Amino acid sequence: MRTSLTATTPSATTPSSPAPNKRSHISHAGEMILILDFGSQFTQLIARRVRDAHVYCEIAPFNVDLSRYAKCNIKGYVLSGGPSSVSDPDAPRLPKSFFETSAPILGICYGMQLMADEFGGKLAQSDMREYGRAHFEVAGNGGIFSGIPHKSVVWASHGDSIVKLPDGFTLNGSTDTLKVAAMSDVAHKRYGIQFHPEVAHTVEGK
């Protein structure tokens, strides 16, 4: 997870595919990460970051027929961000059966909000929309942020926020304007972050 702000340009959203001879052993074993796309402008960046770690991944629309991946060894799912609000009548959703998977799930922005709504959390329109750099601070034991600096600068872009944690989830981090910026249900391997770790920007003078 990238928590410091480094250089990026508009071209960073261009799809990036690893060269066949640079794929790691994970793909040779049929293992993969599946990214479910909810319409985020940053979905290709998520794939790039995963592939930069030499892990094979694929992007599929959120409503893909998952039976097509029945022969794949999916080691984890990423639920992308997106322009919708989970309170919209036609908001994209996943069937409850999806969350019965034993594979870890990471929800980013909308993906986190969707998971919160699914498990009894409460969301509200933020008094102040977070867009741009945000100061993130790890809470508690940090969960998936173990080994990450306690305070980091991250990139946020959202209008809704979680005001009550879903059942079984623990708070893992906050920003200056957002109490619930990261959460986890370790027992069920479900994790959520409100910011976009796949996006990096230059901090002037740092």
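Residues numbered from 1 in each chain as written. Predicted model: local features only at pLDDT ≥ 70, side-chain atom pairs only at ≥ 80, totals over all residues. Heavy atoms only, no water.

Caption draft 1: Geometry of the overall build of the chain. Looking only at helices and strands, the chain has three helices and nine strands in total. Of the regular secondary structure in the chain, the N- to C-terminal order runs α-β-α-β-β-β-α-β-β-β-β-β. Across the 206 residues in the chain, those meeting the buried criterion constitute 48%. Here the analysis covers contacts within the chain between residues at least 6 apart in sequence; of these, 73% occur between residues at least 24 apart. Total accessible area on the chain is roughly 10,600 Å²; 51% of this is exposed by carbon and sulfur atoms. (Helix = DSSP H or I, 4+ residues; strand = E, 2+ residues; numbered from the N terminus. Buried < 20%, exposed > 50% of the residue type's maximum accessible area, 1.4 Å probe, protein only. Contact = heavy atoms within 4.5 Å. Areas by Shrake-Rupley, 256 points an atom, 1.4 Å probe, with all protein chains shown as cover.)

Caption draft 2: Just the confidence of the model for the chain, in detail. This prediction gives the chain a mean pLDDT of 82; 79% of its residues lie at or above 70. Confidence drops under pLDDT 50 across residues 1–28; counting only partners more than four residues distant or on other chains, this segment forms 54 contacts. Ignoring residues within four places in sequence, the model shows residues 202–206, a span with pLDDT below 50, making seven contacts including any to other chains. (pLDDT = per-residue confidence, 0-100.)

Caption draft 3: Quick look at the environment of Glu100. In this fold, Glu100 is placed in the loop between β3 (73–79) and β4 (105–108). The spatial distance from the C-alpha of Glu100 to the C-alpha of His188 is 8.7 Å, given a sequence separation of 88 residues.

Caption draft 4: Region of interest: the pattern of salt bridges. A complete count under the given rule lists four salt bridges for this structure. Linking Asp117 and Arg93 is a salt bridge whose minimum nitrogen-to-oxygen distance equals 2.5 Å. Placement of Asp117 in helix α3 (residues 110–118) and of Arg93 in the loop between β3 and β4 is noted, with a sequence separation of 24 residues between them. (Salt bridge = Lys/Arg side-chain N within 4 Å of Asp/Glu carboxyl O.)

Caption draft 5: Quick look at the nonpolar core. Of all hydrophobic cores here, the largest spans 30 residues; its most connected members are Leu34, Leu36, Leu79, Leu94, Phe98 and Phe99. Sorting the residues of this core by element identifies β1 (31–37), β3 and α3 as the ones contributing at least two each. The element contributing the most residues to this core is α3, with five residues. Beyond its immediate sequence surroundings of up to four residues, Leu94 is in contact with Leu36, Phe38, Phe62, Leu79, Phe99, Leu114 and Glu118. Counting residues in each nonpolar core, the second largest holds 20 residues, with Ile33, Ile46, Ala47 and Phe195 among its members. (Core = buried A, V, L, I, M, F, W, Y, C linked by side-chain atoms within 4.5 Å.)

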